[in-house]
Protein chains: 2
Amino acid sequence: MTVTGPGGGVLRVALAQLTVRVGDFDGTTEAVRAAMTWAGSVQADVLLTPEMTVSGYPAEDLLADPGFRAAAGQSVQSLAGAAGATVALVGAPLPTGSLPAAGGTAAIAPEGTALDTLGRPLRNVAAVLHRGRFVAAHAKTLLPTYSVFDDSRHFGPGSRRQQLFQVETSTGPVTFAVLICEDIWHPRLAVEAAAAGAQLILVLNASPYHVGKPALREQVVTEAAVRAGVPIAFVNSVGGQDDVVFDGGSFVVGADGALLARAAAFRAGQLVVDVPVASGPPVALTTGPNQLGPDGVGPDGVVALGATHRYRDPVPAPGIAAALPPPEEVYTALVTGVRDYCTRIGLSRILIAVSCGIDSALAATIAVDAVGADQVWAVGMPGPYSSAGALTDARALAAALGIRFDVVPIADPYAERADVLARLLADRGEAVADVAWENLQARLRGVTVMTLANATGALVMSTGNRSESAVGYFTLYGDSCGTAPNPLGDLLKSDQVLGDGTVLPGVYGLARWRNEQAVAAGRPAPIPEATLTKPPSAELAEGQEDTDALPPYPVLDRLLIAFLEERRSADELVLRLIGDGYAPDEAATVVGRVCGLVDRAEFKRRQVPLRIKVSRLAFGRDRRLPLATAFGHRPSARPGPAADDPGASGGEAGSGSGLPRTIVRLTPWRD
Amino acid sequence: MTVTGPGGGVLRVALAQLTVRVGDFDGTTEAVRAAMTWAGSVQADVLLTPEMTVSGYPAEDLLADPGFRAAAGQSVQSLAGAAGATVALVGAPLPTGSLPAAGGTAAIAPEGTALDTLGRPLRNVAAVLHRGRFVAAHAKTLLPTYSVFDDSRHFGPGSRRQQLFQVETSTGPVTFAVLICEDIWHPRLAVEAAAAGAQLILVLNASPYHVGKPALREQVVTEAAVRAGVPIAFVNSVGGQDDVVFDGGSFVVGADGALLARAAAFRAGQLVVDVPVASGPPVALTTGPNQLGPDGVGPDGVVALGATHRYRDPVPAPGIAAALPPPEEVYTALVTGVRDYCTRIGLSRILIAVSCGIDSALAATIAVDAVGADQVWAVGMPGPYSSAGALTDARALAAALGIRFDVVPIADPYAERADVLARLLADRGEAVADVAWENLQARLRGVTVMTLANATGALVMSTGNRSESAVGYFTLYGDSCGTAPNPLGDLLKSDQVLGDGTVLPGVYGLARWRNEQAVAAGRPAPIPEATLTKPPSAELAEGQEDTDALPPYPVLDRLLIAFLEERRSADELVLRLIGDGYAPDEAATVVGRVCGLVDRAEFKRRQVPLRIKVSRLAFGRDRRLPLATAFGHRPSARPGPAADDPGASGGEAGSGSGLPRTIVRLTPWRD
């Protein structure tokens, strides 16, 4: 064991912002190998890849598949053989105890060598590869199980939070710590690592997008760097995997919190940065085997990795890619999610039922931007209550986007089924809920697009938005039919501003933004003006408008954010509406109806297509609720604006906020 | 602090096998109060209730709702006030640090008082209530995140695995430990508790059913009792909550492993048992506050709870309810799951599309047994390829079950849509996959039953089995439409015997068993003989049989168990088929097709109704897979029956097993 106190210097860090399809071991290994070659060519001391690079993330229960786990191990072995003078940190799921003795040859331990208390055989690790060998590993210590995450389902936690590594660089020895994703969100881990001797911290991530997340992430990591007093390099994965999108935006911050470099969002890319480090305290170098123990504990002391490259010239100062404004950030996330899903499953033709309401119009533009106009097929399916302008608008949209458009009316099968079933129900003396006839129209449209899609090998894209999904304002097996991700499923109808000032663009905001982009580029605005301005309607009954059954969307969406994301009680929501100028009775009626609809619609949300997560709390695996629960959200008998109620107004604008109001009619419901 | 070494004696344990609807705080509090009254009336020393009794389990993300958490705390407070001389152990989700000092008044700590590393504010605890006070608590230490479990999503782990409590009984002091569910599946926790001084162990559970689970559970607990050398009392919840069914079957085993008592399966019930305990070692009694610390650590020493009842007469020897044979066990689980779902959501009318294949026939009998014949409505929907006998059989089934039966043909809308869409596709020059016309029939049936259900407020029960679900042999938005749980969704078509000898009844086995039960009771067998004997067919094309596209079900199901539950590789499956007498090429073709279908059908399984879990590994939250993955299961080029391959035959019967064989035709696929 030697003791050395590194002076100040530079660590040249290469960040590979890779796009990884879960389970694409061959493709990913090749991409990492290319990144290693590049990192060597720029004489980087360390190459940083995203969390779980070799397998993709989240691999979910594929991690329980012995063949999948074996393939991950083989990828690491193969990449170790390709490692040169640059130390490569490669994210991988590996069995505990998978490391060779220092100086030995690379070897993955057999399954079951070491298990944690709950019998989980894997760790989420950064494999340290250097000069042809798999020399060490560091395991993620904090395993998130909130939001979309299920890390504890598969991994046992690593126990040594402050595991350190040292390389001999051109500027002398540099000691660094490795953290993995969740670990950096708890700043004391960075502080501990710096206190133990780390001169900088390298972080592997697969950090999914939600609105404002890029800025939040940089803020959290910058605070950690300042508190720990060391620079932090943060590499993120990029691309859409099912319902989540990794937004890239890898970056490096200095010990003073200054942003030194940032890669582009939503695109694969790479950065190489000469990161200046201050001198570090003396550390004890380990001479024993670099083995992760049975409890996920790494070796005592600092793992000495040896020399990297000898270089003289600094790399050019890296760029700082611009942060995206909210509409572009969200829109790009949606396009990325749709495009990567289609690419990854190998089908790229998308069929959309275009009504031409605002939702289907926006979905069509997203589809075109994701897979190209020649791969998008719009179908208009007028029914007995469709408005006269709908087909005209739909044709205008299709022409502006350059997509194919067909018309298949549903009037005949609707008349036939409605007649047969109404007679049967009448013969049987059944009281009939009229909503059944509304749903019937939506379902015949679903049957029609699914048949066209099955006949031609196309995907169907559903276009229901998050507001409708929340209150169940859609027809199960009707407009919710879809085998592509629904790009609007996590997008409120209206634009909202959150309490922290975050702008949350909705369907309208993105539609307007997309039109503006087209105009700015000298092209016609794709979404017709009438679509943007007409009152929202499902057009399933004579003169129907969404506000017959729902509050105006700005009001509904404000309630939904408070209810779903801020977990406000029904009484708190009533007080907010009263603060906005609603009469107490009316406020209680609206809140009771909205909360009741959200609670009761859970069974419908279980059977809808993937949504692309862009909100802080999306429906789906981000929000897991039982169906047959007795717990509902209802206002108390008559909540008043009691001055001592902590929920009263909640620090928000009081009366006269100018929000539109409605008297809610308790119409029958669609399911 | 006093030190006392209890002699041998008796602890009178009352076990309340309760049925708990998630979030039914009022109803559940009342039921626990009644159980406390009963336990007091039989002079029990301790009353044992299931895990998470006050809230129900699994409450999932309702646990993130402040109102839900507050209600759980209020329930515990209310029940504490009702506690008498019997110590009540009540399962509850509570914030850490929620306990009063010993001797103080009951109080739930405010939110956020103490958090674990990942910021989870709750523990899964047994609240200890005695003589009007909430005096102590013990937190679950092992939090399962496999199978259907997500405990780590909401709870931080308790850290004091061997927390002990002591009561003064009529026979002197008795020291006991409390474990919660997962804790008892790791026998060293029981051994540790006994070593620390526990004379017996009390276990609170919400342990979901799968086939063979009751016997497995008793085996594991009996082994723990014998290893620890102390008796164990195990109380389980009962009833269906969404996709899982708690099967009750609470029991007590002695220190020698003898079964002392067992409650009935699948029914609420109670047991009171005088459990003999051997003398224990001296233990230190705690005098400090009985507070769960920030890391979930309880107090040092044994919590002295004081005197319970003074009684002289032993309770009568409790009964040992008989274990159920496999078909009855599985059938009862399915009936319980359907019945409780309907009861808990408050809708009890069930509409079933009856083809009269074996699946819809069995589903109809389950529906009748769950909600009663007067609440079940069967609809036959003959199409162009329906067999002549189908309506006759369906009428016979309905008559035998005493349920309403209506006929609504789909021929007209099928002809109309097929014509319109075929012309459009032809006009557009599209090549058409014929499977679209098969799916169209199934979807028009889906539209029809959903319209009838929406009109009348009925639930639709889908009837696809697990074999079909596995290979995607169903039509999304067609036969998979359903708003009730699908009772067949976790049931293979054929009966199978697992490697450990467990009998896994399939659709056929349960259908025959149900017929036999009827005949034994002097009633007509409900399921027609023709339904039991005719070759399975979707009847969506001329002369179609399931074996046109799939191996015979006994072969398919054997492969599915090996693939899904035993996680065998494709090559191992090929070797099994070769062992069964298949030619190598044929075996590779069959396995390649089956595995490929299972892999590709994941997107369809995401959008189907709840299934009642009865298998060891059900589709749904028990098996969470990404959709856009590149990882597929395919046989290698040409696996041979190499003698040294560990997968070869796998200890099973070799060639000539008599299983039916098929040549798989690669027909187009339904989706």
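Nothing here was measured: the structure is a model prediction, and the numbers come from that model.

> Can you tell me about the overall build of chain A, naming the residues and giving the values?
A tally of regular secondary structure across chain A gives 17 helices and 23 strands. With 671 residues in all, chain A has 63% of them scored as buried. In the form shown here, chain A has an accessible surface area of approximately 21600 Å², with 54% of it arising from carbon and sulfur atoms.

> Describe the pairing of strand β4 (residues 87–95) of chain B, naming the residues involved and giving the relevant values.
The two faces of a sheet get side chains in turn, since along a regular strand they alternate between them. Residues and elements named next belong to chain B. Among the nine residues of β4, nine are classified as buried, and the element is accordingly described as predominantly covered. Neither face of β4 is open: one carries Val87, Leu89, Gly91, Pro93 and Pro95, the other Ala88, Val90, Ala92 and Leu94, and all of them are buried. Looking at chain direction, strand β3 (residues 46–48) and β4 are connected through three bridges and run parallel. The partner of Leu47 across the bridge, within β4, is Ala88. Two elements, β4 and strand β5 (residues 122–130), share eight bridges in a ladder whose sense is antiparallel. Note that in β5 the partner of Leu94 across the bridge is Arg123.

> Explain the interface of chain A and chain B to me, and be specific about the residues and the numbers.
Between chain A and chain B, the residue contacts involve 97 residues of the former and 98 residues of the latter. Taking both sides of the interface into account, the surface hidden between chain A and chain B amounts to around 7800 Å²; carbon and sulfur atoms contribute 59%. The salt bridge partner of Asp406 of chain A is Arg428 of chain B, with a shortest N-O separation of 2.3 Å. Scanning the region where chain A abuts chain B turns up 48 residue pairs in polar contact (both at pLDDT 80 or more). Secondary-structure elements contributing two or more residues to the side of chain A that touches chain B are α2 (66–82), α3 (151–154), α6 (326–345), β20 (404–407), α9 (411–427) and α10 (435–456) of chain A. Considering each element in turn, the side of chain A that touches chain B owes the most residues, 14 residues, to α10 of chain A. Taken together, the residues that form the side of chain A that touches chain B break down as 49 nonpolar, 19 polar and 29 charged.

> So what's going on with the pairing of strand β6 (residues 133–139) of chain B? Which residues, and what values?
All names here are of chain B. Burial runs high along β6: six of the seven residues are buried. Pairing between β5 and β6: six bridges, direction antiparallel. Across the sheet, residue Ala126 finds its bridge partner in β6, namely His138. Linking β5 back to β6 in an antiparallel pair, the connection comprises two residues, with Arg131 at a positive phi of about 50°.

> Could you give me a rundown of helix α12 (residues 507–520) of chain B, with the residues and numbers involved?
Residue and element names in this part refer to chain B. In this model α12 runs 20 Å from its N-terminal to its C-terminal C-alpha over 14 residues, within 8% of the 20 Å that 1.5 Å per residue would give. Taken residue by residue, α12 has Val507, Tyr508, Gly509, Leu510, Ala511, Trp513, Arg514, Asn515 and Ala518 as its buried positions. Buried residues belonging to α12 abut α6 (326–345), α7 (358–371) and α13 (529–533). In the segment just after α12, Gly522 is the residue with positive phi, at about 80°.

> Tell me about the sheet that holds strand β2 (residues 9–17) of chain A, and name the residues and values.
Residue and element names in this part refer to chain A. One open sheet accounts for six strands, arranged β6-β5-β4-β3-β2-β15; its pairing is mixed. The open sheet has two free edges, formed respectively by β6 (133–139) and β15 (269–277), since each of these has just one partner strand. On average, adjacent strands in this sheet sit at an angle of 35° to one another, irrespective of strand direction. As defined by bridge partners, β2 adjoins β15 across nine bridges and the pair is classed as antiparallel. Bridge pairing in β15 links Ala16 to Gln270.

> Let's hear about the packing of helix α15 (residues 570–579) of chain A against helix α16 (residues 584–600) of chain A: which residues, and what values?
Residue and element names in this part refer to chain A. Two elements in contact, α15 and α16, have axes separated by 9 Å at closest approach and are oriented at 135°. Considering the angle they form, α15 stands oblique to α16. Considering how the two elements wind past one another, α15 and α16 form a crossing that is right-handed. Contacts between α15 and α16 involve Ala570, Leu573, Val574, Leu577 and Ile578 from the first element and Pro584, Ala587, Ala588, Val590, Val591 and Cys595 from the second. Each residue belonging to the contact of α15 with α16 can be placed in one class, and the counts come to 11 nonpolar, no polar and no charged.

> Go over the relation of the copies chain A and chain B, please, and point to the residues and values.
Each copy of the sequence occupies a distinct position, and chain A is placed on chain B by a rotation of 180° and an axial shift of 0.0 Å, giving an RMSD of 0.0 Å. The transformation just described matches what one would write down for a two-fold rotation axis. Considering only C-alpha atoms, the residue of chain A closest to the rotation axis is Gln607 of chain A, which sits at 2.1 Å.

> I'd like a description of the pattern of salt bridges, backed by residues and values.
Residue and element names in this part refer to chain B. Across all of its chains, the model carries 63 salt bridges over all chains by this definition. With a closest N to O distance of 3.1 Å, Asp359 and Lys493 form a salt bridge. Here the residue Asp359 occupies a position in helix α7, and Lys493 occupies one in the loop between α11 (466–471) and β22 (496–497), the gap between them amounting to 134 residues. With respect to burial, Asp359 and Lys493 carry one shared label: buried. With a closest N to O distance of 2.8 Å, Arg466 and Glu565 form a salt bridge. Taken together, the positions of Arg466 in helix α11 and Glu565 in helix α14 (residues 553–565) put the pair 99 residues apart, joining distant regions of the chain.

> With reference to specific residues and values, describe empty space enclosed by the protein.
Applying the stated criterion to the full structure yields 14 cavities of 30 Å³ or more. For the largest cavity, the calculated volume is near 1100 Å³. Taken together, 50 residues line the largest cavity, and the ones lying closest to its centre are Arg606, Gly620 and Arg621 of chain A together with Arg606 and Arg621 of chain B. Secondary structure elements with two or more residues in the lining of the largest cavity: α17 (602–605) of chain A together with α17 (602–605) of chain B. At three residues, α17 of chain B tops the list of elements feeding residues into the lining of the largest cavity. Here the lining of the largest cavity is built from residues that sort into 19 nonpolar, five polar and 26 charged.

> Break down helix α4 (residues 187–196) of chain A for me, citing the residues and quoting the values.
Each turn of an α-helix holds 3.6 residues, which means side chains three or four residues apart point in the same direction. All names here are of chain A. Three or more residues of α4 are buried, namely Leu189, Ala190, Ala193 and Ala194. For α4, the arc enclosing every buried residue in end-on projection is 135°, short of the 170-degree limit, so these residues lie on one face. On its buried face, α4 sits against β7 (164–169), β8 (172–180), β9 (200–205) and α5 (213–228).

> Explain the confidence of the model for chain A to me, and be specific about the residues and the numbers.
All names here are of chain A. Looking at chain A, the pLDDT average stands at 90 and 88% of residues meet or exceed 70. Scored below 50 in pLDDT, residues 100–113 shows 31 contacts in the model against residues more than four places distant or in partner chains. Here residues 639–669 is modelled with pLDDT under 50, and outside its nearest four sequence neighbours on either side it reaches 64 contacts, counting other chains as well. Interface confidence for the predicted complex, given as ipTM, is 0.92, next to a pTM of 0.93.

> Lay out the sheet that holds β5 of chain B in plain terms, naming residues and giving numbers.
Residue and element names in this part refer to chain B. The strand order across the open sheet formed by six strands is β6-β5-β4-β3-β2-β15, and the pairing between neighbours is mixed. The outermost strands of the open sheet, each flanked by one partner alone, are β6 and β15 (269–277). This sheet shows a mean twist of 35° between the axes of neighbouring strands, independent of strand direction.

> Account for the side chain of Arg605 of chain A, with residues named and values stated.
All names here are of chain A. Topologically, Arg605 is positioned in helix α17. Looking at Arg605, its side chain comes within polar contact range of the main-chain oxygen of Ala470, at 2.7 Å. Separated by 2.8 Å, the side chain of Arg605 and the backbone oxygen of Val598 make a polar contact. Sequence-distant contacts of Arg605, that is, excluding residues within four places in its chain, are made with Ser469, Ala470, Val471, Phe474, Val598, Arg611, Phe619 and Arg623.

> Before we move on, could you go through the environment of Ala562 of chain A and cite the residues and values that matter?
All names here are of chain A. Topologically, Ala562 is positioned in helix α14 (residues 553–565). Taking the C-alpha atoms as reference points, Ala562 and Ala196, 366 residues apart in sequence, are found 42 Å from one another. Not counting residues within four places of it along the chain, the set of residues in contact with Ala562 comprises Arg567, Arg568, Leu573 and Arg576.

> Hey, could you go over the nonpolar core for me, with residue numbers and the actual values?
Formed by 80 residues in total, the largest nonpolar core has its most connected members in Leu362 and Leu491 of chain B. For this core, the leading source of residues is α7 of chain B, giving 10 residues. Core analysis: the next-biggest nonpolar cluster, separate from the first, contains 79 residues, Ile561, Tyr582, Val590 and Cys595 of chain A among them.

> Can you lay out the environment of Ala511 of chain A for me, pointing to particular residues and giving the numbers?
Residues and elements named next belong to chain A. Position of Ala511 relative to the elements: it lies in helix α12 (residues 507–520). Taking the C-alpha atoms as reference, Ala511 lies 9.7 Å from Ala525; in sequence the two are 14 residues apart. Dropping the residues within four chain positions of it, Ala511 is found in contact with Ile358, Leu362, Ile527 and Leu532.

> How would you sum up the packing of α14 of chain B against helix α16 (residues 584–600) of chain B? Please name residues and give values.
Residue and element names in this part refer to chain B. Here α14 crosses α16 at 60°, and the two axes come no closer than 11 Å. With respect to each other, α14 and α16 are oriented oblique. For the pair α14 and α16, the sense of crossing is right-handed. From α14, Leu556, Leu559, Leu560, Phe563 and Leu564 reach across to α16, where they touch Val590, Val591, Val594, Cys595, Val598 and Asp599. For the contact of α14 with α16, a count of residues per class yields 10 nonpolar, no polar and one charged.

Thresholds, definitions, all that
Chains are numbered independently. Their residues run from 1 in the order of the written sequence. A letter from A marks each chain and a number from 1 marks each ligand, given out in the order of writing. Given that this is a predicted model, residues contribute local features only at a pLDDT of at least 70 and side-chain atom pairs are listed and counted only at 80 or more, while totals for whole chains, interfaces and linings are drawn from all residues. Hydrogen atoms and water are omitted, and side-chain values are computed over all heavy atoms in the structure. Starting at the N terminus, helices and strands are each numbered in turn, a helix being any DSSP run of H or I of at least four residues and a strand any DSSP run of E of at least two. Relative accessibility under 20% of the residue-type maximum defines a buried residue, over 50% an exposed one, and the middle range a partly exposed one, all with a 1.4 Å probe and only protein chains included. Here the Shrake-Rupley method, with its probe set to 1.4 Å, supplies the accessible areas, and only the displayed protein chains count as covering residues. Pairing between two strands is assigned when DSSP locates at least 2 bridges connecting them. Any two residues whose heavy atoms approach within 4.5 Å are treated as being in contact. Two parts placed together each lose some accessible area under a 1.4 Å probe, and adding up what both lose gives the buried area. Any carboxyl oxygen of Asp or Glu that lies within 4 Å of a side-chain nitrogen of Lys or Arg is treated as forming a salt bridge with it. Two N or O atoms count as a polar contact when they lie within 3.5 Å, although within protein this holds only if one can serve as hydrogen donor and the other as acceptor, and sequence-adjacent residues are included solely when both atoms are side-chain atoms. Classes in brief: Ala, Val, Leu, Ile, Met, Phe, Trp, Tyr, Cys and Pro nonpolar; Asp, Glu, Lys and Arg charged; the others, Gly included, polar. Expected span of a helix, by definition, is 1.5 Å for each gap between consecutive residues, and there is one gap fewer than residues. Lines fitted to C-alpha atoms define the axes here, with helix axes fitted over just the stretch in contact, and angles between the N-to-C directions of these axes take values from 0 to 180 degrees. These descriptions rest on fixed angle ranges, namely under 35 degrees for roughly parallel, over 145 for roughly antiparallel, 65 to 115 for roughly perpendicular, and the rest for oblique. Crossing handedness follows the turn of the near helix against the far one: under a right angle anticlockwise gives a left-handed crossing, and clockwise gives a right-handed one. When the copies are superposed, the least-squares fit draws on C-alpha atoms of residues that have pLDDT of at least 70 in both. The definitions used throughout rest on a 1 Å grid laid over the protein atoms alone, on which a cavity is an enclosed set of points accommodating a 1.4 Å probe that cannot get out and a pocket is an open set flanked by protein within 12 Å on both sides along at least five of seven lines; lining residues are those having an atom within 4 Å of a point. Grid points are joined across faces, edges and corners, and a volume is the space filled by probe spheres set on the points. Summarising the geometry, the arc corresponds to the directions from the helix axis toward the C-beta atoms. pLDDT runs from 0 to 100 and stands for how confident the predictor is about each residue. By nonpolar core is meant a set of buried Ala, Val, Leu, Ile, Met, Phe, Trp, Tyr and Cys residues that side-chain atoms within 4.5 Å join together.

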